[in-house]
Amino acid sequence: MLRAALIIALLCFGAPSVAQTLGASARALPDGSSLTGNSRETTLELALSQAVPFRVFTLVEPMRVVIDFRQVDFSALPEDFNGAGVVSDVAMGGASSPGWSRMVLTLSEPMSPRIAAMEVDNITGGALVTLTLAPTDLETFTAAAGPPPGLDAVLLPVVAEAPPRNDDTFVVMIDPGHGGVDPGALHNGFSEADLILTFARELREVMRRTGRIEVVMTRDADIFVPLPTRVTLARAAEADLFISLHADALAEGRAQGATVYTLSDEASDAATAALAEQHDRADLLQGVDLSGTDDEVAAVLIDLARIETAPRSRAFADILVQAIETTGLDLHAHPRSEGAFSVLKAADFPAVLLEIGFLSEGGDLENIQDPRWRAHMQAAITGAVIAWSQADAAAEGLRRQ
Ligand SMILES: [Zn+2]
């Protein structure tokens, strides 16, 4: 189809290096990379030749912060890139899982990751990963430590080459909302960030068990990941679908049941507008500029690309609402809504935001704490992803004719 080809050509023109280098291995660049700090804060900045998916977690005995990247060549980093502040040692190499690389910071005192961000230069395609560590106590550090499931936790046997990527694999980026300094909604001692991370990890396992979905997550720890970074990570992972998960509280009125949101400049109601604003606020407090670097040409290109993705997002949202209803779970009185959610603003892959329920008074906290309820919701989401991916692939065939 001519229009699709035109959009792709324009997009490639708009971001030449990104389009050309995705898929190849990223290189760590000495210029722009640094490790600085003291006992109050330590900051790692790692300049990369291109954006790649990454994740952060901690380990004990000895205390370590581990950053896994989808294949990064660290060899250009200088010899003296080996410690600062409470970081006594830095080790780099291949992770035990093929196609992944690992950086391990050994700590002399307990520090926990506060912010994990990735910014991408739209001109060069280069990426800057920023990780800040702040003091915590040993008890908190130990409680939060442990490798997330999915990748083998064995440290640093070197892997020579990435496996050939199977391009048929359907990749879902799961985005557990909030985290770190931004706990999201709070109710009866529970935080949205924690409940949603648990839900997301379980959902990942359910999806993987189908053998048909590869899952990546924007965060796999109690850590603040800025909204633009979440989108960048999905793009770097070449996600086919982006699902942001939340369980917010409404400031006014009672709300119950699941809601699926898609992107729109105009919010469908005042509550949705407030919710979208609330989600941007944490980023603004952290000094993340959500206005982006969109110039006029880029804005036109993004609008063009959204002509393709917006109906696909809406189609998935409809299927998801249907699947939740068929499973017999509660839906909100208006289960399909639209709003200006920053995390849904990528133009190159379909994206939805799912509130699995609300944490406000009279809401869904009990359900969200119930493993059986969660299993039903996870099955509904997984079923919807498979159903939509088939329908979308069939529609893609038609679009191409
Ligand atoms: Zn939320």
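Structure: above.
This structure is a prediction, so every number in the text was calculated from the model and none was measured. (Residues numbered from 1 in each chain as written. Predicted model: local features only at pLDDT ≥ 70, side-chain atom pairs only at ≥ 80, totals over all residues. Heavy atoms only, no water.)

Asks: Outline unusual backbone geometry, supporting the account with residue identities and numerical values.
Replies: Following E61, the chain continues into P62 via a peptide bond in cis, with omega recorded as -10°. Mapped onto the elements of the fold, P62 is located in the loop between strand 3 (54-59) and strand 4 (64-70). Despite not being glycine, N188 has its phi angle at roughly 50°, a positive value. Examined against the element boundaries, N188 turns out to sit in the loop between strand 11 (186-187) and strand 12 (190-191). Unlike most non-glycine residues, E238 shows phi in positive territory, near 55°. On the secondary structure map, E238 appears in the loop between helix 5 (227-236) and strand 14 (241-246). Since its relative accessible area comes to 31%, E238 is described here as partly exposed. (Helix = DSSP H or I, 4+ residues; strand = E, 2+ residues; numbered from the N terminus. Buried < 20%, exposed > 50% of the residue type's maximum accessible area, 1.4 Å probe, protein only.)

Asks: Help me get a handle on the pattern of salt bridges, residues and values and all.
Replies: Two side chains that carry opposite charge are able to pair once their charged atoms sit near each other. Following the criterion strictly, the structure yields 12 salt bridges and no others. D220 is the partner of R201 in a salt bridge, and the nearest nitrogen-oxygen pair spans 2.8 Å. Residue R201 is found in helix 4 (residues 192-209), and its partner D220 is found in the loop between strand 13 (213-217) and helix 5; the two are separated by 19 residues along the sequence. Taking relative accessible area as the criterion, R201 reaches 30% and is therefore assigned partly exposed. On the basis of relative accessibility, which here comes to 6%, the residue D220 falls in the buried class. R204 is the partner of E205 in a salt bridge, and the nearest nitrogen-oxygen pair spans 3.9 Å. Within the structure, one salt-bridge network assembled from shared partners comprises R201, R204, E205, R208 and D220. (Salt bridge = Lys/Arg side-chain N within 4 Å of Asp/Glu carboxyl O.)

Asks: If you had to explain the coordination of the zinc ion to someone new, which residues and values would you point to?
Replies: The protein atoms that coordinate the zinc ion are H178 (NE2), E192 (OE), H246 (ND1), D248 (OD), D248 (OD) and H279 (NE2), at distances of 2.0 to 2.6 Å. We note that the donor set of the zinc ion lies within a single chain, spaced as H-x13-E-x53-H-x1-D-x30-H. Taken together, the residues span a long stretch of sequence, with H178 in the loop between strand 10 (170-176) and strand 11 and H246 in strand 14 at a distance of 68 residues. Summarising the burial analysis for this pair, H178 and H246 share the class buried. (Donors = N, O, S within 2.8 Å, 3.2 Å for Na, K, Ca; no water.)

Asks: Give me the lowdown on the side chain of H187, citing residues and values where you can.
Replies: Counting through the fold element by element, H187 comes out in strand 11. For H187, a relative accessible area of 15% puts it in the buried group. The residues contacting H187, other than those within four sequence positions of it, are L359, S360, E361 and L365. (Contact = heavy atoms within 4.5 Å.)

Asks: Run through the packing of aromatic side chains, naming residues and quoting values.
Replies: Across all of its chains, the model carries six aromatic pairs by this definition. Plain terms: the ring middles of F170 and W388 are 6.2 Å apart, the flat faces sit at 70° to each other, and that makes the pair edge-to-face. Here the residue F170 occupies a position in strand 10, and W388 occupies one in helix 9 (residues 371-400), the gap between them amounting to 218 residues. Considering the side-chain rings of F316 and W388, the 5.7 Å spacing of their centres and the 65° angle between planes classify their relative orientation as edge-to-face. (Phe/Tyr/Trp six-rings, centres within 6.5 Å; stacked < 30°, edge-to-face > 60°.)

Asks: I'd like a description of the nonpolar core, backed by residues and values.
Replies: Membership of the largest hydrophobic core comes to 60 residues, with the highest contact counts inside it found for L46, L48, F54, F69, M103, L107 and L131. Residues contacting L107, with those up to four places away along its chain left out, are M63, V65, V86, V87, S88, L133 and F141. I174, I196, V260 and V352 belong to the second largest nonpolar core, which has 42 residues in total. (Core = buried A, V, L, I, M, F, W, Y, C linked by side-chain atoms within 4.5 Å.)

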